[in-house]
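# Overview (structure and organization)
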Amino acid sequence: MGEIWIKEAERLGDGSIGGTMDTPSAPPRVVWHTTESGAGNAAFDAVGSYLTKVVSEPHILYDPTTDRLGQYGPLNQSARALKNDGSTRTNRTGRVCIQIEVLARADKPFTNYWKPGPNFTALMRAIRSWGVPDTWPAGSCAPGASRPRTTWATKGGHYGHCHIPGNDHWDPGNIDRAAILKAAGGSGTAPQGGTSGSASGSSIARYKVTINGLEYGYGATGSHVTAVGKALVAKGCSAYAEGPGPTWSDADTKSYALWQKKLGYSGSDADGVPGESSLKALMGTVPSKAVATPATPTVDLSNLIAAARRDPGLKQGGTTHAADVRIVEAALKAEGLLSATYAGDGSFGSTTVAAYRKWQQKCGYTGSAADGIPGKASLEKLGAKRGFKVKA
Ligand SMILES: [Zn+2]
């Protein structure tokens, strides 16, 4: 049994906000929210009573600027800040589903300016007392985060409101997920599904961080992980039994910790999970995802117009400009305007023209302006939404 009431927290409301969990055998989890308000004591009091009034209480209200901590209800029961996912009661998913409203705004990530203090440590102590692992199973909270239903149902750890299936809020914004775990001090439990490690491995940090779009830490994979391992070996910081590989293991963490200690870090700053400055010192630069992702494709507008008008100079049914056409067809399909049968045939035939007309109408064009022949503005709009550039 974990902590039900956090002794450092002030009590808010009448202490009764929910009920028993629906799936107590599912792993324990935390959901972070932001109140989309200012911070400070006046906001704490006003938002605090507002959440009771609208019956949307979380378990916890936290002020990241003053470290003030309030608690509405027992952590072993449900809170009320989530919408159901169909008939699934997301508020009642897991052994616990501890919900925290932070007095902040999603578009100004609070970890950029917060001052976590002893109350934040107390909050994280209570969270860990329920066995919530120090992980973010659904990844980043940046805009566009996904809401993976199976992950939510089966994995314990920390989530943002932006990750919860059946919900449409995007809080808490792009917070520094590693900073949340780090500010708690100490070390949490191993991630769900992770190996428990060797006898000496129980104190090894098992959380991940994202730096410049790339993940580091236990379980992270990619060629950038191998590159870090090789650089560590080159610096004489090796705890590897075998050579470094593309999946971050405890050996990578131990090796990286040697590097951090070499740089003069200690305690939790030398836990073997990279920070930006130690990474830059090691690699000479901060590796970025850009090198690994394909370049944005470019569509030539004049090629498209020619293909759509079936310029008599072109061979009917030929493959001229098919590459450009396919990119646009894929975008129209993604918009739900073109069926899979025609998407990708590379021919700007009457079906594709009809689909493009629908896109133009969607953009607000009417009459002859919505003739199904691509124009610069509508094409750029489609490209901005679906990931291609336009050469006009
Ligand atoms: Zn929320």
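Below: a short report on this structure. (Residues numbered from 1 in each chain as written. Predicted model: local features only at pLDDT ≥ 70, side-chain atom pairs only at ≥ 80, totals over all residues. Heavy atoms only, no water.)

## Observations regarding the overall build of the chain
Inclusion rule: Here a strand is any run of E in DSSP of at least two residues, a helix any run of H or I of at least four, and the numbering for each starts at the N terminus. Contacts were defined at the residue level, with two residues in contact if any of their heavy atoms lie within 4.5 Å. Charged residues are defined here as Lys and Arg on the positive side and Asp and Glu on the negative side; His and the ends of the chain fall outside this count. In this description, the location of a charge corresponds to atom NZ of lysine, CZ of arginine, CG of aspartate or CD of glutamate.
A tally of helices and strands in the chain yields 11 helices and 10 strands. Overall size of the chain, expressed as C-alpha extent along the three principal axes, is 80 × 60 × 35 Å. A sequence separation of at least 24 residues applies to 63% of the contacts in the chain between residues at least 6 apart. Taken as two groups, the 43 positive and 32 negative side-chain charges of the chain have centres that lie 4 Å from each other.

## Focus on unusual backbone geometry
Geometrically, the link from aspartate 171 to proline 172 is a cis peptide bond, its omega value of 10° lying close to zero. Assignment of secondary structure puts proline 172 in the loop between β6 (157-160) and α4 (177-183). Positioned with a positive phi, glutamate 36 is a non-glycine residue whose angle comes to about 55°. Checked against the element boundaries, glutamate 36 lands in the loop between β2 (29-34) and α1 (41-53).

## Considering the sheet that holds strand β4 (residues 69-71)
Put simply, the test is: Two strands pair if DSSP finds at least two bridges between them. A fitted line through C-alpha atoms represents every axis, and for helices the fit uses only the stretch in contact; the resulting angles, taken between N-to-C directions, go from 0 to 180 degrees.
Taken in spatial order, the six strands make up an open sheet running β1-β4-β3-β5-β2-β6, and their pairing is mixed. Pairing within the sheet leaves two strands with one partner each, and these edge strands are β1 (10-11) and β6. Bridge count between β2 and β6: four bridges; the pairing is parallel. Bridge pairing in β6 links valine 31 to tyrosine 159. Contacting β1, β3 (60-62), β4 and β5 (97-102), α1 crosses the sheet at an angle of about 160° to β3. Along the sheet face, helix α2 (residues 118-129) touches β2, β3, β4, β5 and β6 and points at about 145° away from the line of β2.

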